Structure formats: structure tokens, C-alpha cells
Amino acid sequence: MTFTVRIVLIMIVFLVMAGLWGVMTLRASLPVLDGTAPISGLTAAVSIASDEHGVPTIVAETRADAFRALGYVIARDRLFQMDLLRRSTAGELAEVFGRAAVANDIKQRRLGLHQAARAIYVGLPPDQQETVNAYTQGINSFLAQATTLPPEFLLLGYRPQPWQEADSLLIVLAMFQMLNLYEDDERMRTVMAKALPSSVQSFLLPDVDLYTHAVLHETDPDQFHVSIPVKELAAMRRPPDSDQSRYANVIREKPAVGSNGWVLAGSHVAGGRAMLANDMHLDMTVPNTWYRVRLRYDGVDMTGLVVPGIPVVVVGTNRHVAWGFTNIEGDFVDLVRLDLNRDDPNQYQTPQGWRRFETRREVIAVKGDPDEIVYCMDTVWGPVAEQPLLGYKVAVRWTGLDPDAVDIGLFHMDGARTVNEAIQVLNRAKGPANNVMLADAEGHIAWTYTGRIPIRRGFDGSVSVSWADGAKGWAGYVPAEELPRIIDPPSGFIVSANQRMLAQYPYTVGHSFVGGYRAYRIAEQLRGVQGAQEADLLRIQLDTKSEFYEFYRRIAREVLTDEEVRSHPGLAPLRRVVDAWDGHADIDSVGYGFLIQFRDVLARSIFMPLLERCLAEDRQFTYVGGMETPLRALLTARVPELAPSGQGSEAWRSFFVDAMERSWQELRDTYGASPENVTWGQINHLQIQHPLSGALPGLSWLLDMSDSEAPGCDACVRMVSGKVSATERFVVSPGHAESGILHMPGGQSGHPLSPHYRDQQQAWSQGTALPLIGSPTRHTLTLVPIGSLS
């Protein structure tokens, strides 16, 4: 045997051994589902029975022991997800990901979320601290016992630090930041207030959209009319730019993060039961945002969803009451304009006089590189934002940074017995402000707010202003007893889909709510429901009908008449693709993508000439959301002097034809085929990716859920928009949890070799019902106090 052959054989053996060692190591890191394990702080044994999907039922004697056990199983199944989220929120990603993560860390360090989390924990009531402490003990008990960590830690080459009590509050702040920290709306309105006449600004930013108005007043959307400031708009009119590519990101829809939720009273449900449906729309991730669990302790039997890292059942039922959430889309942040001292730019004006900025020195550890040193400035109102606004420094005043506005009071839902008791808990709970839908076992339904809503003094919060003279600012929060609520309305149902919920309310909640089409569509289907079962509400959650775009089809058909097409045969394909649409956003629907593109071209052509003044003030300006009402008003009225190009009665008609031809070409350029042959599934793909798959594309097949054609859209009850979709679908009648439905993308485990990594994915993607509880027990793990095994 030659030396070369010998070397090759040795290398082969080495690679095989290394591969076997890698497989054994990975398998050793799989979650342990059976046996016995000791837990620090436990007062009595706790049973954890896992069903066929790995969903644990935790049976304990006390609440504290139940949450110790929950901390243990969460760490067992989702450790990397928890560590990544706390690092991302605290600004410590670069320590494990290197230079690429520094920008995120700087942003988070400027906000000071790590310091805020510690202050919040210290201020928690004793019962909440006890729960957080127990949960932390459970997490760290798992860490202490884990000899082989999940594969992400092996790939990145680090071991997570023990969990700190404040880390759970960091995760609360991560949810807060995702749901409530919106600067874009105030930045947009501030620029528009400076650049545009007030009448134009009001027209472009209506308080309510046509569908929300229809839901609030039970009217037809077509009956909603707004006043068009013709004279002011005509003065701003100019021909649309033929090159619209530079405007691609100027006009954007409001971020799709949100949710659907509704409750039906006993008059609509089989057996006189009340019923709740909730599907929360967030960024799709692997593993999923939520973790399913059932907790039984001290007479409590609670089932639902938790966020890994937070000891609270966010959405669920305790058999007496069921609760679900949708985001308020309110205004919980102000950008306070800072008036600097001309003689000393390190000072800013306050009602008490000049004050120096407080400076924090933040040291960001960077893997493979020297530390990054960042100096962050703070004010009496909050941290100084990284980006100025119209040339001014601004401070971020945000409820999430106020220890008086954050806690985990939601965990008291375990004791609520009626919707009225639940309302008392929810109105006093602090955290991200949300709409809450409620149903109880007596057949009652309700809606209210949870979280803190600022009371503003001297201004409404829509634009950035100075607070230096003391006339403007926050005057505390809306008292719990003054938060709104709806209980047992005559209609027998309540719907919340991020739209404005109240026609009148004495306090300012927000200025730019999501349009009400989803709420309108849900309400339309609920009005005729009688004797509903859980499966009926799941079907509504999966609804793909989109009447929203029928308005744009009517315009196209009005222009593309039979006579017009005979006279101009080149328009025939446009007419065919418009007629081909079946009214739904299903994967085989044809023509839907064309209508969406048509609306997009119309919006760009009409609004961009009106927004040039805003871009002149701020080259980063974006017009975000709220455009449907002014767009439809202009397209319906077709005022001759407001035609985007040309003059006379035919100007609008010519504009529509041009917009359709441009839409056709843009779709052809994007998909390389005639729009007549492009299905919605070819356009609408949903990628659900693991955070490491981008850096390890060769492992995408193992880490990611399949990249699939997706039914649904951003104007559908079955919401799909980019990487945002329903992170769960939940339907339950209190007291009848055995008939409840709950499924989610992916699975319980964050370990790619676990059978529970993706075993719920198919049911979620196909809309198949999975039972909320009641699946057979497949594994049993018993947790015992330390020392009881000796």
C-alpha cells in the first residue's frame, strides 16, 4: 500500500469518525422527555406529560413550582431562541456573531433596554418577583444539568450565561419593541406638517378609513365619503415621473404585524356557549414565537401559549375564561424635540432650565475584533434617538422604558372566573398595550384594553414638539377604571383586527390604525352565524376572499369595455387577466397579482407629486399607511383638474389605461411571463427561516420550514404579507377546552433533529385543526426537589 493511499484511507476514517462523533453529539443534545430530574427550589414533585406533538402538561402543587417546571421545559426545548432574544434586545449579539451584529447592538444600547429591564424587575410586586424567580430557577436548573447544548451553541462555539431575573423582563421589552415602538408615524407626520397645507395633510392622513367606519357604524363602505381639498391639491399637481423606481420605498403599507380576534356570544354558538378565535400576526421564525403548554396547579387548569422567556400564558383559557390579543396600533412613543444651548451643545432646555446630557459608556464585545465603544446620551424624557428629525435631536419618550408601565400582571388571569373579573386583571396589567377579546363559560363576551396609555398634556402626540417650556408632556396614564370596554353587545359578537375600535374616546389612543377591511370581512361572516362550532371559526380564519380589490377591478372593467377592446385589440389581454380573477387569494388564483400591481401604480402616480415637498424636507421620508381612503376618494371623484396627467374628461380614462399597461409590464419584467399565466402562488411565497440559515445556506433544508406557495394576503382574513403571517390559530369555548383548536407553524422543539421541530407545520400550512388538549401522553418526565434522589 503506497504512502498516498494510506494517507487517503486515514483521512476517510477520520472524516467518518468525525461525522459519527458529530451525529452522536447532536443526538446527545436532544431534549430529554422521560425520566426524573432534580430542580433547585422545587417544593414537591412535578409531573410533565408530553403529548404526540411534544406539548407538555405540567402538574404541580403550587404556582411557583409550576413556573419552575415551565422554565425547565422551555429551556430544554427553546434555549437558543431565548438566549438569542435576550442578546438581541440587550445589544449583545456581536459577542457571538461578530462585526455584522454591531449596528443592532448600538441601536439597542442607545435605548438602554438592559438597564430598563433591571429597573422593572426591582419594581415588580412581590408575587410577580416570586414567579420570575421560580421561572429563572427552572431555566438555570436545566443549564446546570445540560452536558451537551443544542446545536446552535455548538456551531457558534459558546455557552450561554445563566439566566438572570431581569432577562425575562428583557423579553417582555422585546415584545414591547416589536408591537409598540413605532417612530415612523410621528416622523412622517412631522415632516408632512411642515411641508404640506393642513387640509392636504388631513386628507392624506384620515382619522378613520372607509371599512373601519363601516364596522363602527354598520354601514356600507361605499357610503363613506371624504372632502377633497381640490384647490390645494391642484396647486401641487404636476405630471407623474415616468421613472418611478426611485419612489419604490416612499409609499409603503403600514407594517403587517397585527392580528385577528373575535368573540361570539352564546346566541351564535352551539349549546349557548361563548367562543373565542384568535390568530396573531407576527414575523414568522424558526422556532415559532409561541410555545404551547398546559399548566395545572392549586385548582388552576390553564392552557395556551407562552413566549419563551416570559412566565405568562399570553393567550389561552383557564376553563372559566378565554382570552386573546390583537395589537392596538396606538401611539405609545413621542419624539421630544430638544432645544440645544447655542453656547454649549451638551446642554438642552428643560422646564427647570438648561441641563447637561447624561452620557453612558457602552462597551460592545465583538467576536474576533476589538470591543466597540459607544457613548449614548440620555435626557430626562428618555434616550436621544440615533436619527435626528428635520435637523433636530429628539429624545425617545416610550412607555416601554418606564418601570411604571411594565410588569407581568397578566399572569393573574389564572384566577379570573368571569369576563368582568378578567377585565379587572387586564386593565391593571402592564406591558405592551393590546386589544383583549374575552369569553367566559356563562356565555358572555367582552373587549377591553390592557397596558398603559399615556395622557398627553398640551398636544396630541401626532407630531414632534419641544417639551422645554413645560406646557407639553405626559401627565401619567389613563386610569385602569377609565379604560374602555364593550360587554355583551346587541350584535352578539365583537371583532378586533387592529382597526380603530372606538368612534369616540376622551383620550388619544393613536392616529394611524390599520385599515378595517379584515374586521369588516370577519363581521360580514359572523352576522349570519348560528349554532357555530369551533371548526366554523377556523374556516373564517382561513378565509382568502378579498373584496378589497374589487374596487380596482371595477375601475379596470369600466375602462376596458367591449367597445374599447374591439377598438384597441392590444387591450384584450388586460381585460382577460382582470376577468380571470376569482375574488380570492388562493395559490391558483390568476389576475389577483395584476390588480395589486395596478393599485400600486395608481398610488405611486397619484401621491408622489403630492409628496415631493416632503422629500425635499427629508430625503428619508416615507408615507406609511392610511392611503386607501384618499386614494379611493380621488379615483372615484376623478376631478378633471386633479388628473395625474393631461386635461379634460378623458384624462382620467387615459391615465387608467396607462397604469394598467405599466402594471402589466412590471409584472412581466418581474416574473418573466405573461400576467395571464402568473398565479398568486407564484407571487406569494412564505419563507419561515431559522436565524442561522442565512449564514449556513447548505443547512437550509434542515433548519428552515419549506419555502412554499401560500394562500392569503395582506387584505385577507388569512393574512400573509412578506414574512408575516398567523403565528398561531386558536379557537376555544371556555369550559370546553377538549373541543378547542390550536395549531402553529413549526413545532414545540427548537432542535432540528427532534420529531417535534416541524410536526405541526403541515397542519398549520394546510389549515388542518389540531386539538388544543386531549392528545395521548407519549412521554412523562418527573421533576423532583434537589436531594430527593439520594
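Refer to the structure presented above.
This write-up is about the structure you can find in this document.

So, how was this worked out
- Residues numbered from 1 in each chain as written.
- Predicted model: local features only at pLDDT ≥ 70, side-chain atom pairs only at ≥ 80, totals over all residues.
- Heavy atoms only, no water.
- Helix = DSSP H or I, 4+ residues; strand = E, 2+ residues; numbered from the N terminus.
- Rg over C-alpha atoms; globule rule 2.2 N^0.38 Å.
- Buried < 20%, exposed > 50% of the residue type's maximum accessible area, 1.4 Å probe, protein only.
- Contact = heavy atoms within 4.5 Å.
- Areas by Shrake-Rupley, 256 points an atom, 1.4 Å probe, with all protein chains shown as cover.
- Lys, Arg positive; Asp, Glu negative; His and termini not counted.
- Charge placed at Lys NZ, Arg CZ, Asp CG, Glu CD.
- Axes fitted to C-alpha atoms, helices over the stretch in contact; angles between N-to-C directions.
- Parallel < 35°, antiparallel > 145°, perpendicular 65-115°, else oblique.
- Left-handed = near helix turned anticlockwise from the far one by under 90°.
- Nonpolar A, V, L, I, M, F, W, Y, C, P; charged D, E, K, R; others polar.
- Pairing = 2+ DSSP bridges.
- Core = buried A, V, L, I, M, F, W, Y, C linked by side-chain atoms within 4.5 Å.
- Polar contact = N/O pair within 3.5 Å; in protein donor to acceptor, adjacent residues only side chain to side chain.
- Disulfide = S-S within 2.5 Å.

**What about the overall build of the protein?**
When helices and strands are tallied, the protein shows 24 helices and 31 strands. Scaling as 2.2 N^0.38, a compact globule of 790 residues should have a C-alpha radius of gyration of about 28 Å, and the protein matches this with 28 Å. Along the three orthogonal principal directions, the C-alpha set of the protein runs to about 90 × 80 × 70 Å. Expressed as a percentage of its 790 residues, the buried residues of the protein come to 59%. Residue pairs in contact within the protein that sit at least 24 positions apart in sequence constitute 72% of those at least 6 positions apart. Roughly 31,000 Å² of accessible area belongs to the protein as shown, and the carbon and sulfur atoms make up 52% of that amount. For the protein, the separation between the mean place of its 71 positive charges and that of its 90 negative charges on side chains is 3 Å.

**Notes on the packing of helix α5 (residues 113–122) against helix α8 (residues 165–180)**
Interhelical geometry of α5 versus α8 gives an angle of 120 degrees and a closest axis separation of 8 Å. Regarding the angle of α5 to α8, the classification is oblique. Helix-helix and strand crossings are classified by hand; for α5 and α8 the assignment is right-handed. On α8, the residues that touch Leu-113, His-114, Ala-116, Ala-117, Arg-118, Ile-120 and Tyr-121 of α5 are Glu-165, Ala-166, Leu-169, Leu-170, Leu-173 and Gln-177. Each residue belonging to the contact of α5 with α8 can be placed in one class, and the counts come to nine nonpolar, two polar and two charged.

**What about the pairing of strand β10 (residues 321–327)?**
With respect to burial, β10 is a largely interior element, seven of its seven residues being buried. Residues Val-321, Trp-323, Phe-325 and Asn-327 of β10 are buried on one face, and the alternating residues Ala-322, Gly-324 and Thr-326, pointing to the opposite face, are buried as well. Here strand β9 (residues 315–317) runs beside β10; their pairing, made up of two bridges, is antiparallel. Along β10, the bridge assignment pairs Gly-316 with Trp-323. In terms of strand pairing, β10 meets strand β18 (residues 434–440) through seven bridges, oriented antiparallel. What sits directly across from Thr-326, in β18, is Asn-435.

**Focus: the nonpolar core**
One finds Leu-438, Phe-607 and Tyr-623 to be the most contacted residues of the largest nonpolar core, which totals 220 residues. The element contributing the most residues to this core is helix α19 (residues 592–617), with 14 residues. Contact partners of Tyr-623, with chain neighbours within four places excluded, come to Met-188, Met-192, Leu-204, Leu-205, Val-250, Ile-251, Arg-252, Phe-607, Leu-611 and Pro-630. Membership of the second largest hydrophobic core comes to 21 residues, among which are Trp-262, Leu-264, Phe-493 and Ile-540.

**As for unusual backbone geometry**
Between Val-286 and the following residue, Pro-287, the backbone shows a cis peptide bond with an omega angle of -5 degrees. Among the secondary structure elements, Pro-287 is positioned in the loop between β6 (275–283) and β7 (291–297).

**Describing helix α11 (residues 210–217)**
Regarding α11, the residues found buried are Leu-210, Tyr-211, Thr-212 and Ala-214. Among the structural elements, α14 (517–526) and α20 (628–637) are those in contact with the buried residues of α11. Measuring from the side-chain oxygen of the N-cap residue of α11 to the backbone nitrogen of Tyr-211 gives 3.0 Å; that N-cap residue is Asp-209. Immediately beyond the C-terminal end of α11, within one or two residues, lies Glu-218, with a positive phi of roughly 50 degrees.

**Thoughts on the state of the cysteines**
Scanning the model with the defined rule gives one disulfide in all. Between the sulfur of Cys-713 and that of Cys-716 lies a disulfide, 2.3 Å long from S to S. In this structure the cystine formed by Cys-713 and Cys-716 twists about its S-S bond by roughly 90 degrees; its chirality is therefore right-handed. There is no split in this pair, since Cys-713 and Cys-716 are both buried.

**Here's the deal with the environment of Asp-407**
By the element assignment, Asp-407 lies in the loop between β17 (394–398) and α13 (419–428). Each C-alpha atom, one on Asp-407 and one on Arg-653, is 57 Å from the other, the two residues being 246 residues apart in sequence. Leave out the neighbours within four places in its chain, and Asp-407 touches Leu-124, Gln-128, Arg-428, Ala-429, Lys-430 and Gly-431. A polar side-chain atom of Asp-407 sits 2.9 Å from the main-chain amide nitrogen of Gly-409.

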